[in-house]
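Observations on chain architecture
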Amino acid sequence: MKHKFKKILILGSGGLKIGQAGEFDYSGSQAIKAFKEEGIETILINPNIATIQTDKGLADKVYFLSVKPEFVKKVIKKEKPNAIALSFGGQTALNCGIKLYDQGILNKYEVKVLGTPISTIKKTEDRDLFVKELNKIKVKTPKSVAVKNKKEAYKALKKIGYPIIVRAAYTLGGQGSGFVKNDQELEDTLNKAFSYSKQVLIEESLKGWKEVEYEVVRDAYDNCVTVCNMENFDPLGIHTGESIVVAPSQTLDNREYHFLRSLAIKTIKHLKIVGECNIQYALDPKTLDYRVIEVNARLSRSSALASKATGYPLAYIAAKLALNQKLYEIKNAITKVTTACFEPALDYLVLKFPRWDLNKFRKVSEQIGSEMKSVGEVMAIGRNFQEIMQKAIRMLQTGSYGFTDWSFEFSDIKKELKEPTPRRIFAIAAALESGMSVKEIAELSQIDPWFLFKLKEITDHRIKIKKLKNFIKLKCVPKPKNYPKSRIKTKNKKNKIYKIAKILDKKAVESIISKAKKLGFSDAQIGWQMDVNEKEIRSLRKKLKILPTVKQIDTLAAEFPAKTNYLYLTYNGKENDIEYISKGKKVIVLGSGPYCIGSSVEFDWCCVNTIKKFKKLKYQTVMVNYNPETVSTDYDECDRLYFEELSEERVLDIWDLEKANGVVVSVGGQIPNNLALPLYRQNVKIFGTNPENIDRAEDRHKFSSMLDSLGIKQPKWQELTNIQSALKFTKKVGFPVLVRPSYVLSGMAMAVAYNEKHLKNYLNLATQISSEHPVVISKFQLGSKEIEVDAVAKNGKIVIYAIGEHIENAGVHSGDATIAL
């Protein structure tokens, strides 16, 4: 059926916040592409300047306005769109659309809601209506009562009894929700929940059950398929945005998988959803008992993950379905042969791991639970669970080389397993290494033993790696420059390290290293177990011909050949899925990794625009990134996408394969910036600023020394050697002083110390964060104005610039400051 729409208004998600990040830039961008293919004029409302969708040339018109009914109404009045799309801008867009509908604005201006009708959205968002609707088709939901005040809440409690979960309706990321065991907790949680919503749900607690999700698409003609099923590593009780998630599910048997799949289709058909949605289940691990927790009748963070996990572009498909197209009419973008009604089949595993930044906040609770606190996430692709778990831990860029590499002192491992924090995965490693049984860990954490046995394989193999010293001869040599201080656990003299001199038993070494690579150990991780430099392990591995293979994501498990180059590397393969023929100019662009405070969607914008420009310059473009929320990890954007780690080891692997003309490190933020010098030392050609000059800007000591040599004024400064030298410096210049670590993102561990106690605390943190690079302290100038210049330069000459003035005095980080331009 041909659509009748000439102009569509798309609501974006506005500013990034916890639970609503770059995934909606990806969703919205896909929707705009899909609508434009149909010859429709697109109008976008989104005030977020850092997104791809607000870029010139994507939507026909962009309004940088708040996504609120009063602003949207004015745009509708002016633009007179035929239809409005609400499902591509997260909870913000959905809530705004419902208000516009309720106020009669959509009806007044004859604006049709695309895709899922408002009546259905209300049934999924209003907890009371949702339960009543699912009762009609005998689909179980948690025993619950919707309440409008505290009096009703206590009345509902008498029906259900403790423990319960309190949920606020129409909210994002589990805001205002919490598990409650007693009256005091109930009082506190109700106060919070009612501050977010007028309607609150008092619900039976299913803590400890499995949490399983299905991504489902349905067209207006009742054709319906499940695209991806995902299983939470963590039991119910931890918000899915806070949980480690694996796809496809690993511990469900065939009966459970198909039982939940058929329930998903039955529910989505009954609700008459048009487009994409997500259904979440609680499943009792001991029986087939289940509850449907919720249905999101819109794109979500899970749907961005499912899109990247399967190569099935859910937002693009949802946009086409909203125009009344049939599932079997839409071509699969990867095979170019099959259609969107083919359910993806995966011959690989993916794992999503959340990224927290709780150490940036003082006095914040580290407990993770039903309310979301993570600011980003990573996705790892591989052929077994151990491989993707280790990959994902490294991808977080929080200083760990993998599952067995943890440096926490756990005063109470049992407490950590029972009451999870972001450190729980390392508590599991510590528990396994201390000899605690899988059974005991499973009872404490309520994590399925299958996952724990797989993790035990990693800790067991670490012991074998340590024994490698018996099969190779080690030679003591001077420690290389910049070798990570924190990683050396050796009784050697301070300035010495081992080097591999000779292989004594080639077969044994090959067997142990090969297995280690299949279990996801990095070269650095193997080297750390042996007190050997990472480069030595790389060299040894190549000598033994232990090399990764390149695999293609094809959505249909190789049943139909893939036409796109959406790639990942694994040691669990025998040959590459693609041919490497070197012809023409080629560039590798390094992405920004996970969203965290200080590195967000703006770097996705930089990466995508860089790729576009290189394409215009007739370069073949190669993208390396692993953040499922981004446009840069959309296989449509570049010639080759490696959904891979941004580590020295992995980038060198890709450099060896691609034989590119150069690598761009300047558009992905701090992570690629930190790789510039190590890659340069391995003879990788870096486009743009010479890495030695990047180092001069990042290294606080070198930078301040350079300013002194150029005669440029700066506050009095000194490199930190120890606490005594810092105290001596403060006696000379007086408090306050600024503690400045090198090579850090968003001013991490940078702080103004006003007294000796503060100084000692801040120095301790800064030296931990910047263990491999200098920490500088300088006099802090009170009452100063802060001004910044953003510029583009060529050979040291400025080509274009902008000057911004901070409203606040110096001392407020530019990311937290109000800036006038």
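Note that the structure is predicted; figures quoted are calculated from it, not measured. (Residues numbered from 1 in each chain as written. Predicted model: local features only at pLDDT ≥ 70, side-chain atom pairs only at ≥ 80, totals over all residues. Heavy atoms only, no water.)

**Considerations on the sheet that holds strand E11 (residues 224-232)**
- The seven strands are arranged E14-E13-E10-E11-E12-E15-E16 in an open sheet whose pairing can be described as antiparallel. Among the strands making up the open sheet, the edge pair consists of strand E14 (290-296) and strand E16 (376-382). Mean inter-strand twist for the sheet, computed between neighbouring axes without regard to direction, equals 25°.
- Pairing geometry for E11 and strand E12 (residues 245-247), over two bridges, is antiparallel. Bridged to Glu-231 within E12 is Val-246. (Pairing = 2+ DSSP bridges. Helix = DSSP H or I, 4+ residues; strand = E, 2+ residues; numbered from the N terminus. Axes fitted to C-alpha atoms, helices over the stretch in contact; angles between N-to-C directions.)

**A closer look at the layout of surface pockets**
- Counted as a void, the second largest pocket has a volume near 910 Å³.
- As for the second largest pocket, its lining consists of 31 residues, of which Phe-179, Lys-207, Gly-237, Ile-368 and Gly-369 are closest to the centre.
- The set of elements that each furnish at least two residues to the lining of the second largest pocket consists of strand E8 (178-180), helix H8 (183-196) and helix H15 (438-445).
- Residue classes in the lining of the second largest pocket are distributed as ten nonpolar, eleven polar and ten charged. (1 Å grid on protein atoms, 1.4 Å probe; cavity = no way out; pocket = protein on both sides within 12 Å on 5 of 7 lines; lining within 4 Å. Points joined across faces, edges and corners; volume = space filled by probe spheres on them. Nonpolar A, V, L, I, M, F, W, Y, C, P; charged D, E, K, R; others polar.)

**Quick word on the pairing of strand E7 (residues 164-168)**
- Along E7, five of the five residues are buried, which leaves the element largely enclosed by surrounding structure.
- Of the two faces of E7, the one holding Ile-164, Val-166 and Ala-168 and the one holding Ile-165 and Arg-167 are both buried throughout.
- In this structure, E7 lies alongside E8, joined through three bridges in antiparallel fashion. Within E8, the residue paired with Val-166 across the bridge is Gly-178.
- The pairing of E7 with strand E9 (residues 200-204) spans five bridges and is classified as antiparallel. Paired with Arg-167 across the strands is Leu-201, a residue of E9. (Buried < 20%, exposed > 50% of the residue type's maximum accessible area, 1.4 Å probe, protein only.)

**Observations regarding unusual backbone geometry**
- Omega for the bond connecting Tyr-162 with Pro-163 falls within 30 degrees of zero, at -5°, which places this linkage in the cis form.
- Position of Pro-163 among the secondary structure elements: in the loop between helix H7 (150-160) and E7.
- Of the consecutive residues Ala-247 and Pro-248, the connecting peptide bond is found in the cis state with omega at -10°.
- Relative to the helices and strands, Pro-248 is located in the loop between E12 and helix H9 (254-271).
- Although it is not a glycine, Gln-397 adopts a positive phi angle of roughly 60°.
- Turning to its location among the elements, Gln-397 is positioned in the loop between helix H12 (385-395) and helix H13 (413-418).
- Residue Gln-397 is classed as partly exposed on the basis of its relative accessible area of 34%.
- Of note, Lys-618 is a non-glycine position whose phi angle comes to about 70°, a positive value.
- Looking at where Lys-618 falls in the secondary structure, it is placed in the loop between helix H20 (601-616) and strand E22 (620-625).

**Concerning a positive patch on the surface**
- A surface patch of like charges, here positive, comprises Lys-73, Lys-77, Lys-80 and Lys-108.
- Following the sequence through the fold, Lys-80 ends up in the loop between helix H2 (69-79) and strand E4 (83-85). (Patch = residues over 30% accessible without salt bridge, like charges linked within 9 Å, V, L, I, M, F, W, Y side chains within 5 Å. Areas by Shrake-Rupley, 256 points an atom, 1.4 Å probe, with all protein chains shown as cover. Salt bridge = Lys/Arg side-chain N within 4 Å of Asp/Glu carboxyl O. Lys, Arg positive; Asp, Glu negative; His and termini not counted. Charge placed at Lys NZ, Arg CZ, Asp CG, Glu CD.)

**As for helix H24 (residues 700-710)**
- Among all positions of H24, only Arg-700, Ser-704 and Leu-707 are buried. Along the axis of H24, the buried positions cluster into a sector of 55°, meaning they face one direction only. In H24, those exposed residues whose orientation departs by more than 90 degrees from the buried face are Ser-709 and Leu-710.
- Buried-residue contacts for H24 involve helix H23 (691-698), strand E26 (717-719), strand E27 (737-741) and strand E29 (775-779).
- N-capping of H24 is provided by Asp-699, with a side-chain oxygen placed 3.0 Å from the backbone N of His-701.
- A positive phi of about 75° marks Gly-711, the residue just after H24. (Arc of directions from axis to C-beta. Contact = heavy atoms within 4.5 Å. Polar contact = N/O pair within 3.5 Å; in protein donor to acceptor, adjacent residues only side chain to side chain.)

**Describing the packing of H15 against helix H16 (residues 449-466)**
- Orientation of H15 relative to H16, taken along the N-to-C sense of each, is 130°, at an axis distance of 10 Å. With respect to each other, H15 and H16 are oriented oblique. Considering how the two elements wind past one another, H15 and H16 form a crossing that is right-handed. Residue-level inspection shows Val-438, Ile-441 and Ala-442 of H15 in contact with H16, the latter providing Pro-449, Leu-452, Phe-453 and Lys-456.
- In terms of residue class, the contact of H15 with H16 is built from six nonpolar, no polar and one charged. (Parallel < 35°, antiparallel > 145°, perpendicular 65-115°, else oblique. Left-handed = near helix turned anticlockwise from the far one by under 90°.)

**Some remarks on H16**
- With 18 residues, H16 extends 26 Å between its outermost C-alpha atoms, agreeing within 8% with the 26 Å of an ideal straight helix rising 1.5 Å per residue.
- Listed as buried for H16 are Phe-451, Leu-452, Leu-455, Ile-458, Thr-459, His-461, Arg-462 and Ile-465.
- You can read the cap of H16 off the contacts: a side-chain oxygen lies 2.8 Å from the backbone nitrogen of Trp-450, and it is on Asp-448. (Expected span 1.5 Å × (residues − 1).)

**Examining the side chain of Lys-320**
- Checked against the element boundaries, Lys-320 lands in helix H11 (residues 314-322).
- Looking at Lys-320, its side chain comes within polar contact range of the main-chain oxygen of Ala-34, at 3.4 Å.
- Residue contacts for Lys-320: discarding those within four places in its chain leaves Ala-34, Glu-37, Glu-38, Gln-325 and Ile-330.

**Some words on the packing of aromatic side chains**
- Counted under the stated rule, the structure contains 15 aromatic pairs.
- Centroid distance Phe-35 to Phe-88: 6.4 Å. Interplanar angle 90°. Geometry classified as edge-to-face. Of the two residues, Phe-35 sits in helix H1 (residues 23-37) while Phe-88 sits in the loop between E4 and helix H3 (90-102), which places them 53 residues apart along the sequence.
- Classification of Phe-88 as buried rests on a relative accessible area of 2%.
- With 6.4 Å between their ring centres and 85° between their planes, Tyr-619 and Phe-687 make a pair best called edge-to-face. Of this pair, Tyr-619 sits in the loop between H20 and E22 while Phe-687 sits in strand E25 (residues 686-687); the two residues are 68 residues apart in sequence, bridging distant segments of the chain. (Phe/Tyr/Trp six-rings, centres within 6.5 Å; stacked < 30°, edge-to-face > 60°.)

**A look at the environment of Phe-451**
- Residue placement: Phe-451 occurs in helix H16.
- Taking the relative accessible area as the measure of exposure, Phe-451 reaches 1% and is therefore buried.
- Sequence separation between Phe-451 and Asn-572 is 121 residues, and the spatial gap between their C-alpha atoms is 19 Å.
- Those residues in contact with Phe-451 that lie beyond four places of it in its chain are Glu-231, Asn-232, Phe-233, Val-246, Gln-250, Thr-251 and Phe-385.

**So, the side chain of Glu-698**
- Note on placement: Glu-698 falls in helix H23.
- Buried Glu-698, no salt bridge; nearest opposite-charge side chain is Arg-700, N-O distance 6.8 Å.
- In terms of polar contacts, Glu-698 uses its side chain to reach the side chain of Asn-673, at 2.5 Å.
- Not counting chain neighbours up to four residues away, the residues in contact with Glu-698 comprise Gln-670, Asn-673, Ser-742, Tyr-743 and Val-744.

**Considering the confidence of the model for the protein chain**
- Summarising the model, the protein chain shows a mean pLDDT of 90, and 95% of its residues fall at 70 or more.
- For the stretch residues 485-493, pLDDT sits under 50, and the model shows 17 contacts to residues farther than four places along the chain or on other chains. (pLDDT = per-residue confidence, 0-100.)

**Re the state of the cysteines**
- Considering all chains together, one arrives at zero disulfides under this definition.
- Free cysteine Cys-341: the closest other cysteine sulfur is in Cys-224, separated by 12 Å.
- Counting only cysteine sulfurs, Cys-606 is the nearest neighbor of Cys-607, a cysteine outside any disulfide, at a range of 6.7 Å.
- By relative accessible area, which is 0% here, Cys-607 ends up buried. (Disulfide = S-S within 2.5 Å.)

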